[in-house]
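Chain residues, written in single-letter form:
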Amino acid sequence: MVLLRFAPSPTGALHLGGLRMALYNHLYARKHGGKWLLRIEDTDSTRTVPGSVEGIRYALEWAGLEYDFGPGRDGSHGPYFQSERLDLYRTYSQKLLEVHAYRCFCTPDRLAETRERLARTGSNATYDKACLHLTDEEVARRVKAGEKSIIRLNDSNLPTRPPATDLVFGQLKDAHASLQTDPVLLKTDLFPTYHLASVVDDHEMGITHVLRGEEWLPSLPLHLDLYASLKLPTPKFAHIPLLVNPDGSKMSKRNGDVQVIDYIRRGWEPSAILNWLALAGWGARNPECEDKSSPIHGHHDAPDSTAIMSLDEIINEFDLSAMTHRSSSLDPAKLEYINKRHLMRTWSNPEGLEDLAEKVHEEIKERFPSSQYTSVDHIKDAILLLEGRLTNINDIPIHAPWLFTEPDLKSKEAQDMLKRISAPQLERVITDIKAKLREVPEPWKEFDFLGLLHSEQDRLGYSPKVFMKSLRHALTGMKDGPSVAETMRVLGRERTLSRLIVPPQDEQSSAKL
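In this text the structure is predicted, and so the values were computed from the model without any measurement.

Cut-off values and rules
- Residues numbered from 1 in each chain as written.
- Predicted model: local features only at pLDDT ≥ 70, side-chain atom pairs only at ≥ 80, totals over all residues.
- Heavy atoms only, no water.
- Helix = DSSP H or I, 4+ residues; strand = E, 2+ residues; numbered from the N terminus.
- Rg over C-alpha atoms; globule rule 2.2 N^0.38 Å.
- Buried < 20%, exposed > 50% of the residue type's maximum accessible area, 1.4 Å probe, protein only.
- Contact = heavy atoms within 4.5 Å.
- Areas by Shrake-Rupley, 256 points an atom, 1.4 Å probe, with all protein chains shown as cover.
- Axes fitted to C-alpha atoms, helices over the stretch in contact; angles between N-to-C directions.
- Parallel < 35°, antiparallel > 145°, perpendicular 65-115°, else oblique.
- Left-handed = near helix turned anticlockwise from the far one by under 90°.
- Salt bridge = Lys/Arg side-chain N within 4 Å of Asp/Glu carboxyl O.
- pLDDT = per-residue confidence, 0-100.
- Core = buried A, V, L, I, M, F, W, Y, C linked by side-chain atoms within 4.5 Å.
- Patch = residues over 30% accessible without salt bridge, like charges linked within 9 Å, V, L, I, M, F, W, Y side chains within 5 Å.
- Lys, Arg positive; Asp, Glu negative; His and termini not counted.
- Charge placed at Lys NZ, Arg CZ, Asp CG, Glu CD.
- Expected span 1.5 Å × (residues − 1).
- Arc of directions from axis to C-beta.
- Pairing = 2+ DSSP bridges.
- Nonpolar A, V, L, I, M, F, W, Y, C, P; charged D, E, K, R; others polar.
- UniProt positions renumbered as here; feature names shortened; annotations may be inferred.
- Polar contact = N/O pair within 3.5 Å; in protein donor to acceptor, adjacent residues only side chain to side chain.

**Details of the overall build of the protein**
(1) Moving on: Along the backbone of the protein there are 20 helices and eleven strands.
(2) Moving on: By the compact-globule yardstick of 24 Å for 513 residues, the protein is too spread out, its C-alpha radius of gyration being 32 Å.
(3) Moving on: Oriented by its inertia axes, the alpha-carbon framework of the protein measures out at about 105 × 50 × 45 Å.
(4) Moving on: The 513 residues of the protein split such that 51% are buried.
(5) Moving on: Restricting to contacts in the protein with at least 6 residues of sequence separation, those with at least 24 account for 77%.
(6) Moving on: With an accessible surface of roughly 24,900 Å², the protein has 50% of that area assigned to carbon and sulfur atoms.

Pasting the structure below:
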């Protein structure tokens, strides 16, 4: 069975790059009828932030990315926290000590001096292998004496293995030259480095495919060496190009605008966020895909970067071979476009409309605490009224506060609307339409308001700027918004008639100054 893992460190809130990586693991697993697990890589206690695990799980749940195994879920792959698996790493490090690894007793000061000395000679080495030549008796004596040591992989005694390949990048060049000399596997505190822990855990948990960020691509030779040294089967690897800021700089957890929780608070639709993240960097035809001998052969055209897709649709189309080889930046304008269309998909059915209204119900009640028009039904009417304008469900009060409270006709925007309308024009429009509306039969919402407005505008001989703006000013106090006819329909008889009042002469005069 295909089994993948998403393995974040609990060093803060989950950011968009992390959510995207979880998404790709979810997509690949579901596409191939497999499963994925959540593993918490918490071996560096100095960087652990309390509450991070809960935040990661909350963000995944909000996005609808349900892992099959991990914290809070049963499974035979646990424990799912690396800090609870230390005995396992020590067991594997002991196996490596038999042939391919050794203990190093060098102090931090000596290691620093050695690196500087080697650098001055122009060497690419970072360690002089001093402890490699210690006899077994000397090592045993120093261990018994309580001297601190680390365990290093002996990079001059490695088994042969096939060249590295990647599901995204294809055949890879040998990158051993970029590795540290004799990389550290187990630290003096008996905690493993990422390299040992990830290899051991991926094997022990039965991981078949490792999808992770491109930043780990330089470490792939080391990880493959560890698999070979331990005589373990190797999973397939796919390194995903990273998300970057528009200026090309690395996205960081320290930037608040990349944290998932900020997008949750802002009210973005989880389906839109997943759509946005999935298509960032997915959609390039790689030449190697045309080579039948290539491990990434089989590419098919990927969706456009603004294609509107549900999670099931993304799973059906997902293809790792269509990943670009370059880092990608997230375009906020694309999120607005995608989110707007996901909203339209949602409110096109009664259940979805109800869910959206309930989602913002409490926030709108808090925004307008004295309003009697904040029920779920009123919010549903507001959504349908604003459907062509909403890019985010939380923006309802921004676009139409007048649906929940009386319009502010003293605002600068409202006053500016009257600058090119004379007092007689305003009075005649308001008086005429109010009289006509009093005669509208029930049910109010089924009346042809648009026909009435066009008929009266023609009869009065006023331009749309004078006629419609006069009514829009009285009903909403805002120059932009839904059509006047639809505004009347949603406001209802009582509120529409109560707002059609001619302003006092002094207010009209001040608006023209």
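**Remarks on the packing of helix α12 (residues 350–367) against helix α13 (residues 376–385)**
(1) Moving on: Put simply, α12 and α13 touch, their axes get as near as 9 Å, and they point 110° apart. As summarised for this structure, α12 and α13 are arranged roughly perpendicular, according to the angle between their axes. For the element pair α12 and α13, the recorded crossing hand is right-handed. Contacts from L353, E354, L356, A357, E358, V360, H361 and I364 of α12 reach α13 at V376, I379, K380, I383 and L384.

**Concerning the pattern of salt bridges**
Oppositely charged side chains are able to pair whenever their charged atoms sit close together.
(1) Moving on: For the coordinates displayed, the defined rule picks out 30 salt bridges.
(2) Moving on: Where R39 meets E41, a salt bridge forms, and the shortest distance between an N and an O atom there is 3.0 Å. With respect to class, R39 is no different from E41; both count as buried.
(3) Moving on: A salt bridge links K129 to D182; the nearest nitrogen and oxygen atoms lie 2.7 Å apart. Placement of the pair is K129 in the loop between α4 (108–120) and α5 (136–144) and D182 in the loop between β6 (170–171) and β7 (184–186), with a sequence separation of 53 residues.

**Some words on the confidence of the model for the protein**
(1) Moving on: For the protein, the average pLDDT comes to 91, and 93% of its residues sit at 70 or higher.
(2) Moving on: Taken together, the stretch residues 285–290 has pLDDT below 50 and engages in 20 contacts with residues farther than four places along the chain or on a different chain.
(3) Moving on: With pLDDT under 50 throughout, residues 294–299 is counted as low confidence; its partners more than four residues away or in other chains account for 27 contacts.

**Here's the deal with the nonpolar core**
(1) Moving on: L60 and L320 are the most contacted members of the largest nonpolar core, which totals 89 residues.
(2) Moving on: Per element, the largest residue contribution to this core is nine residues, and it comes from helix α1 (residues 16–31).
(3) Moving on: Look past the residues within four positions of L60 in its chain and what remains in contact with it is F6, L14, L19, A22, W36, L38, L65 and Y67.
(4) Moving on: I383, L385, M468 and M488 belong to the second-largest nonpolar core, a separate cluster that totals 49 residues.

**Concerning a positive patch on the surface**
(1) Moving on: On the surface, a cluster of positive charge is made up of R420, K465, K469 and K479.
(2) Moving on: By the secondary structure assignment, R420 is in the loop between α15 (412–416) and α16 (423–438).

**Overview of the environment of V53**
(1) Moving on: In this fold, V53 is placed in helix α2 (residues 52–63).
(2) Moving on: Residue classification places V53 among the buried positions, given a relative accessible area of 13%.
(3) Moving on: Put simply, V53 and N25 are 28 residues apart on the chain and 18 Å apart in space, counted from C-alpha to C-alpha.
(4) Moving on: For V53, the residues in contact, after removing those within four places along its chain, are P10, I40 and F81.

**Topic: α4**
(1) Moving on: Helix length check: α4 (13 residues) gives 19 Å between terminal C-alpha atoms against 18 Å at 1.5 Å per residue, within 8%.
(2) Moving on: Regarding α4, the residues found buried are L111, T114 and L118. Down the axis, α4 shows its buried residues gathered within 60° of arc, on one side only. Opposite the packed face of α4, turned more than 90 degrees from it, sit the exposed residues P108, D109, E113 and R120.
(3) Moving on: The elements touched by buried residues of α4 are β4 (150–153).
(4) Moving on: Phi turns positive, to about 85°, at G122, one or two residues after α4.

**Overview of the sheet that holds β7**
Two modes of strand pairing occur in sheets, parallel and antiparallel, and in both the strands are linked by backbone hydrogen bonds.
(1) Moving on: Within the open sheet, the three strands sit side by side as β3-β4-β7. Their pairing is antiparallel. One side of each edge strand has no neighbouring strand; the edge strands of this open sheet are β3 (101–104) and β7. Strand-to-strand, the axes of this sheet are offset by a mean angle of 40°, without reference to chain direction.
(2) Moving on: Pairing between β3 and β4: four bridges, direction antiparallel. By the bridge assignment, C104 is partnered in β4 with I150.

**Regarding the packing of helix α3 (residues 86–97) against helix α6 (residues 194–204)**
(1) Moving on: Two elements in contact, α3 and α6, have axes separated by 10 Å at closest approach and are oriented at 105°. When the axis of α3 is compared with that of α6, the two are roughly perpendicular. Here α3 contributes L88, Y89, Y92, S93 and L96 to the contact with α6, which in turn contributes L196, A197, V200, D201, H203 and E204.
(2) Moving on: Taken together, the residues of the contact of α3 with α6 sort by class into seven nonpolar, two polar and two charged.

**Digging into the UniProt feature "domain: Aminoacyl-tRNA synthetase class I anticodon-binding" (unreviewed entry) in the protein**
(1) Moving on: The residues that UniProt annotates with the feature "domain: Aminoacyl-tRNA synthetase class I anticodon-binding" (unreviewed entry) are residues 360–500.
(2) Moving on: Counted over residues 360–500, helix gives 59% and strand 0%. Its end C-alpha atoms are 29 Å apart.

**Looking at the environment of R39**
(1) Moving on: As for its placement among the helices and strands, R39 is situated in the loop between β2 (35–38) and α2.
(2) Moving on: Taking relative accessible area as the criterion, R39 reaches 0% and is therefore assigned buried.
(3) Moving on: Sequence spacing of R39 and G122 is 83 residues, and the spatial spacing of their C-alpha atoms is 41 Å.
(4) Moving on: For R39, the side chain forms a polar contact with the side chain of E41, separated by 3.0 Å.
(5) Moving on: Separated by 2.9 Å, the side chains of R39 and D202 make a polar contact.

**So, α13**
(1) Moving on: All of the buried residues in α13 are V376, I379, K380, A382, I383 and L385.
(2) Moving on: In this structure, the buried side of α13 is in contact with α11 (332–347), α12, α14 (396–399) and α19 (484–499).

**Digging into unusual backbone geometry**
(1) Moving on: With an omega of 0°, the peptide bond running from G78 to P79 counts as cis.
(2) Moving on: Mapped onto the elements, P79 comes out in the loop between α2 and α3.
(3) Moving on: Following E442, the chain continues into P443 via a peptide bond in cis, with omega recorded as 0°.
(4) Moving on: Looking at the secondary structure, you find P443 in the loop between α16 and α17 (449–460).
(5) Moving on: Of note, the phi angle at K129 is positive, near 60°, even though the residue is not glycine.

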